[in-house]
Every structure is written in structure tokens, then in C-alpha cells.
Amino acid sequence: MADEGGKGPPGRRLAPSLLILCGIGFDLAAPPGYTASPFFAAAPLVAAALLPLRQTIATAVVGMFATCLLAELHGAGDPTQAATEIGTVATVTVLALVINRVVRRSYHRLASARGVAEAAQRAVLPAPPARLAGLEIAARYVPAEKYAAIGGDLYAVQDTPHGVRLTVGDVRGKGLQAVEVVAILLGCFREAAEQETTLEALVGRLERALQREGARRADLEVFEGFTTAVVAEIPRGDSTLRLINRGHPPPLLLEEDGAVRALEPEVSALPVGMGELGGWPDRVMELGFEEGETLLLFTDGVTEARDRGGVFYDPEKRLRGRRFSGPQELLDALVADVEHHTGGGTPDDMALLAVRRTRARGNGHENGCGNGYGNGCGNRRENGRENRRGDGRENGRGNRRDNERDHGSRNGHDGDRTRDNAPAPRP
């Protein structure tokens, strides 16, 4: 497809010129009776699909000029053949210009559709903040189709009074119906994450939202399906992680030394939207989440990616022993590794979310500059403040005492002088 402004790989832009050069070389080297007109006719057709209109016209003009010049060079031994060759190139040139206009219109329509899809993705799946409540966060959405910007996978991060709450899910189905379910779930999650005090209640709100929407819009086939999801909570000031897994691939916990652990749920649970089939309560999985550790959540587009031999991608095995400077680098490496495993592209959409607990800055400057400094900068600062306060108080007290003594002495001397200067009493 033609690129806007003629931008694209150099090989694509040079292809029409190479065809003309090959035609000239063939015509000069071939015996009489052989014609190079196919090369000159193919050049504008290739340019029509790869280049803008102006460059297509320039290619056509050069091809026509080369055809006429070579016909004149070889002489008009057969004027009919020369006229036929020129007429063929001219006809194909006109067709190439028409094809170029059709291709350009298709390109602009596709660009408009991609712009709408990207705007919808930013509205439905906004990028989470890179830092939030002592956490480093990175998210990525990788569509299975190259020009599709959104689908049935979702992620969300919400800072709430109960801590940072997040979710990753995969809606059954494809297309706009799946996007509708994504919008419903994300809207419900953001509201319930603020209001509900427990993860169990939050997941219950998601369940009821899908059931309610399914009853209201029973004509949508997608509401006969389900949504797999993981909902997590990271409280503030507490190295704890709470999870509820509703039929979703288990998240991974990556430690600083390269160890990787799959957070398998203790009890399997049905996906969201299938609550009518089972009424057992959700169980929260609680574990430690220490500084420097990274929580990785993903959809089944990662685990269902296969190589040419049909072997599934195993993120736990592929990431074990590797270290990453941050969540963004982790996601970059994971996406590249999945594409390498499949030989390019993915069979299903992928939603990825990585969260790392950062080291508290208070361990350095506030609690001390380091273990090698003894009590540290923080203690020195506090001691300095106390010393300044103590010095101020003692100095104030001393000054007041000195002033009292000075005033008392001066008052005493003044009294003596007053008595000495007083007149003698009358007899």
C-alpha cells in the first residue's frame, strides 16, 4: 500500500526505478526483435501501489521517455511494433494513475479507521501512571491484528482509599461486542474499587454488572459468554499482595535475584459472568510483596502463543533467571520474546500489566544516609535541631538571668545614689 508522502522502506521506493533500469539494460543487451516494454509498463503499476501520485506520474513519464528513446535508437525497422510498444506503455500508465487514486483513497480510509481505533483505546484503556503510591507501573496492549488497536482484553489500575487496586481480564468473543463488555467491566471496576472495602465485594459487583447487562441486552451473543480476570490489591505501607483469580492465567511474581513464581490460586473459580453455575464464595490469596519484586499479569494471548512445532510459550520458564531494570523493560522483553517464539505476530490479543514495589526513599535520607555512617544524616539533622533548640532555650534563660542581675545591680546602685543625694531630714 502507498505510504503517505512516499515514506517507507528504501527498497519499495526504488523498485519502479530498478524496473526501468532493468528494461534499459535488457533492451540494449538483447538481440533485435526482443522488446523491453514489459519492464517499462510494470514500473508505473508498481509505483501506483507504493508511491504517491506525483512520483507515480514521474515514473510513468520516465518509462514513456525510455520507450520512445530506445525505439528511436534502434531505428524504425518496424514502425508498427514500435507504435504498439509505446501504446501499450501509455495505456498501462493511464491505468496505473487510476489505480494510484484508488489505493490512496483506501489508505486514507484505513488511516482514519486506525485513528478512531486508537482514540477508542485511549478512552477505554488509558495508560496508567508510571509511578503510583510507591509502585512502578507499566501496561501494554498488543493486538493480534496489526491494524486493530483494541479488542476484548483489558487492564486497569486504580488508586483507592483501600490501596492500589488493579485488574487484568479477557472477554470471550471478538469485535465491537467484546469492546462493549470491556467498557462495562472497566466502568464497574473503577466505581467499585473506590466504594467496596474488600476484594470479594468488588468481584461481586463485576459479576452483577455482567448479569444485569446481559439481562438488559439479551440479543448480544457475547453476554452468553464469560470473562476471565484477576483482581489484585496492594495496600499502602504494607508489603502485602491480595489476589482473586476468576479462571485467568496465574500471575507471576518476579524476585530481584531472577527467581519467578507462578501465583496459582488455592481453589479454582469460574470466570466472571458464570456465577449462576456455582455459588461458592471467592477466596482471597494473600502473600508478601517485598521491595524490588515485580508482579506480572497477562492474558492468554501470552500462554497460547505457539511456535512452528506447536509448543506453547511458557512465560515462567522463559523469564526465569533474567533481571530487568523496571516494569517497562520487562514488558518490552516479554513482547519481543513472544514474537520471536511465534516467528512474528501473535494469534490472540495480549494485555500486559507489570507492577514493581520500589524501595522507600526513607531508608536513605530520612532514616540515615546509610549503614556506614552510624546514626546517619537523619540523626545528625535531628541532633542539630535539638541542639539549636537547646542552645536557644539556654541562651534565652541565661540572657534573662543576666538581664535580671544587671537590672537589679543597676537598680541597687541607683537607690544608693538616690539616698546619698537626698536632703537631710529637718529637725
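These numbers come from a predicted model, not from an experiment.

1. Here's the deal with the sheet that holds strand 10 (residues 294-298)
- Ordered by their spatial adjacency, six strands build an open sheet running 1-2-11-10-7-8, and the pairing between neighbours is antiparallel. Edge positions in the sheet fall to strand 1 (131-132) and strand 8 (260-262), since each of these pairs with one other strand and no more.
- Looking at chain direction, strand 7 (residues 252-254) and strand 8 are connected through three bridges and run antiparallel. Across the sheet, the residue bridging to Leu-253 is Arg-261, located in strand 8.

2. Notes on the pairing of strand 2 (residues 135-142)
- Across the eight residues that make up strand 2, a large majority, seven, are buried.
- Pairing of strand 1 with strand 2 involves two bridges; the strand directions are antiparallel. Directly across from Leu-132, in strand 2, lies its bridge partner Leu-135.
- Linking strand 1 to strand 2, which pair antiparallel, is a turn of two residues; within it Ala-133 sits at a positive phi near 50°.
- Pairing between strand 2 and strand 11 (residues 350-357): eight bridges, direction antiparallel. Looking at strand 11, one finds that Ala-138 is bridged to Ala-354.

3. Describing unusual backbone geometry
- Its identity as a non-glycine residue notwithstanding, Ala-133 has a phi of 50°, on the positive side.
- Within the secondary structure, Ala-133 is located in the loop between strand 1 and strand 2.

4. Here's the deal with the nonpolar core
- Membership of the largest hydrophobic core comes to 49 residues, with the highest contact counts inside it found for Leu-166, Leu-206, Leu-241, Leu-243, Leu-263 and Leu-353.
- For this core, the element with the most residues is helix 5 (residues 175-195), which contributes nine residues.
- Leu-166 has contacts with Ala-156, Val-157, Phe-189, Val-230, Val-231, Ala-232, Ile-234, Leu-297, Leu-353 and Val-355, leaving out every residue within four places of it along the chain.
- Membership of the second largest hydrophobic core comes to 20 residues, among which are Ala-138, Val-260, Tyr-313 and Met-350.

5. Things to note about the environment of Val-157
- Assignment of secondary structure puts Val-157 in strand 3 (residues 153-160).
- Among all residues touching Val-157, those that are not within four sequence positions of it are Pro-128, Leu-132, Ile-137, Val-164, Arg-165, Leu-166, Arg-190 and Leu-353.

6. Topic: the pattern of salt bridges
- Counting across every chain of the model gives 13 salt bridges.
- With its nearest N and O atoms 3.0 Å apart, the salt bridge here joins Arg-246 to Glu-207. One end of the pair, Arg-246, is in strand 6 (residues 240-246); the other, Glu-207, is in helix 6 (residues 199-216), and 39 residues separate them in sequence. There is no split in this pair, since Arg-246 and Glu-207 are both buried.
- The residue Arg-318 makes a salt bridge to Asp-337 at a minimum N-O spacing of 2.9 Å. You can see Arg-318 sitting in helix 8 (residues 315-319) and its partner Asp-337 sitting in helix 9 (residues 327-342), a full 19 residues away along the chain.

7. Some details on the packing of helix 2 (residues 37-50) against helix 3 (residues 53-74)
- Between helix 2 and helix 3, the shortest axis-to-axis distance is 9 Å and the interhelical angle comes to 175°. With respect to each other, helix 2 and helix 3 are oriented roughly antiparallel. Taken together, the residues of helix 3 that come into contact with helix 2 (itself represented by Phe-40, Ala-43, Pro-44, Ala-47 and Ala-48) are Thr-56, Thr-59, Ala-60, Gly-63, Ala-66, Thr-67 and Leu-70.
- Of the residues that constitute the contact of helix 2 with helix 3, the class distribution is eight nonpolar, four polar and no charged.

Rules used in this analysis
Residues numbered from 1 in each chain as written. Predicted model: local features only at pLDDT ≥ 70, side-chain atom pairs only at ≥ 80, totals over all residues. Heavy atoms only, no water. Pairing = 2+ DSSP bridges. Helix = DSSP H or I, 4+ residues; strand = E, 2+ residues; numbered from the N terminus. Buried < 20%, exposed > 50% of the residue type's maximum accessible area, 1.4 Å probe, protein only. Core = buried A, V, L, I, M, F, W, Y, C linked by side-chain atoms within 4.5 Å. Contact = heavy atoms within 4.5 Å. Salt bridge = Lys/Arg side-chain N within 4 Å of Asp/Glu carboxyl O. Axes fitted to C-alpha atoms, helices over the stretch in contact; angles between N-to-C directions. Parallel < 35°, antiparallel > 145°, perpendicular 65-115°, else oblique. Nonpolar A, V, L, I, M, F, W, Y, C, P; charged D, E, K, R; others polar.

Geometry only, nothing functional implied.
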